[in-house]
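The primary structure of each chain is shown beneath.
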Amino acid sequence: MAGSFLDTTVVVDLGTPSSPGHTKAISLVSANQPSLVAEYAYRELLAGPVQILCDAHNRVLAAPSPAEAIASVLKGAAFAGRTSTAKAHAVATALHAALSATGTFSANDVRRDVLQSLMHRATRLWHRAQAPQGVTRTQTLACASRGPLAVDPSTKALRGPGNEFNCSRVQRCSAARHMAQHAADVTKAVDALHPSKLSDGLKGKQETTSRRKALKELQQAGPESFNKRYCRALGDAYFAVMCPPGHAVATTNTSDFDPLCAALGKSIITP
């Protein structure tokens, strides 16, 4: 049985007990030892799901009511796409819970409950995802933000570790340095993502185009000059390239991994 190399989707499920995939993720880790998680997964987690919850919290904090917070987020949905919709969904879920759990309530009661719910979800996800049983952290990123989420003492807004959801502004991209050690596999990944080799569904995805562009940036610029704004775009290619021998990429999103892992001779397992 191969070991497992967890991508961010599995890490999110491990850190979310209420998730339908939580139990399956635990079982996958148990059945596929040794189980590893790259720090890049936490970089994606912080800049993705955790930041979405924190931003939703901060929107409610700044708005006169949770409903107006949802409206303000949706106004930007045409420009921010899925991220904006996810923020609105987070606020709506917390609002529904507050209204369902409260008998006689005021607008301030609801607002307080929604803020508490969003803060709890963000801090719990960030904490629990980093401490799953049976999983070893690997491939350290010197540029990554670490530590607990923080509350701004003056505004009460939720902030990332060191007031940052993204990586250090002064460090070079450690993810690019890791991948540059596997230059042949990076080339295979670039070739595998050429539109002529992809299904219609994949070639039409913005993520696929951005991923190939990021990989070509790494090829052409090298890790020391790699433009850090492409770091998150490496995405699934990072896990495919960096999955160590004797391990399989563990993900709930097989479609994006299929062409990459096929080209690299890597296996995929799902919860």
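Note: the structure precedes this text.
Just checking my understanding: could you explain the overall build of the protein chain for this structure?
Counting its secondary structure elements, the protein chain contains 13 helices and 7 strands. Expressed as a percentage of the 271 residues in the protein chain, the buried residues total 48%. For the protein chain, contacts bridging at least 24 residues in sequence account for 69% of all contacts bridging at least 6. Here the protein chain displays about 13,000 Å² of accessible surface, and carbon together with sulfur accounts for 54% of that area.

Can you help me understand the sheet that holds strand E1 (residues 3–6) in this one?
One key point about sheets: their strands pair by backbone hydrogen bonds, in either a parallel or an antiparallel sense. In space, the 5 strands of this open sheet follow the order E3-E2-E1-E6-E7, with parallel pairing throughout. Where the open sheet ends on each side, the last strands, each with one partner, are strand E3 (135–138) and strand E7 (268–269). As paired strands, E1 and strand E6 (residues 247–250) are joined by 4 bridges and run parallel to one another. Opposite Ser4, over in E6, you have Ala248 as the bridge partner. Contacting E1, strand E2 (35–38) and E6, helix H12 (residues 231–242) runs over the sheet at an angle of about 155° to E1.

Sorry, what's going on with the pairing of E6 here?
The alternating pattern of E6 places His247 and Val249 and Ala248 and Ala250 on opposite faces, both of which are buried. Here E6 pairs with E7 via 2 bridges, running parallel. Paired with Val249 across the two strands is Ile268, which belongs to E7. Between the parallel elements E6 and E7, the chain passes through helix H13 (residues 254–264) in a crossover that is right-handed.

Procedures and definitions
Residues numbered from 1 in each chain as written. Predicted model: local features only at pLDDT ≥ 70, side-chain atom pairs only at ≥ 80, totals over all residues. Heavy atoms only, no water. Helix = DSSP H or I, 4+ residues; strand = E, 2+ residues; numbered from the N terminus. Buried < 20%, exposed > 50% of the residue type's maximum accessible area, 1.4 Å probe, protein only. Contact = heavy atoms within 4.5 Å. Areas by Shrake-Rupley, 256 points an atom, 1.4 Å probe, with all protein chains shown as cover. Pairing = 2+ DSSP bridges. Axes fitted to C-alpha atoms, helices over the stretch in contact; angles between N-to-C directions. Right-handed = clockwise from strand over helix to strand, strands pointing away.

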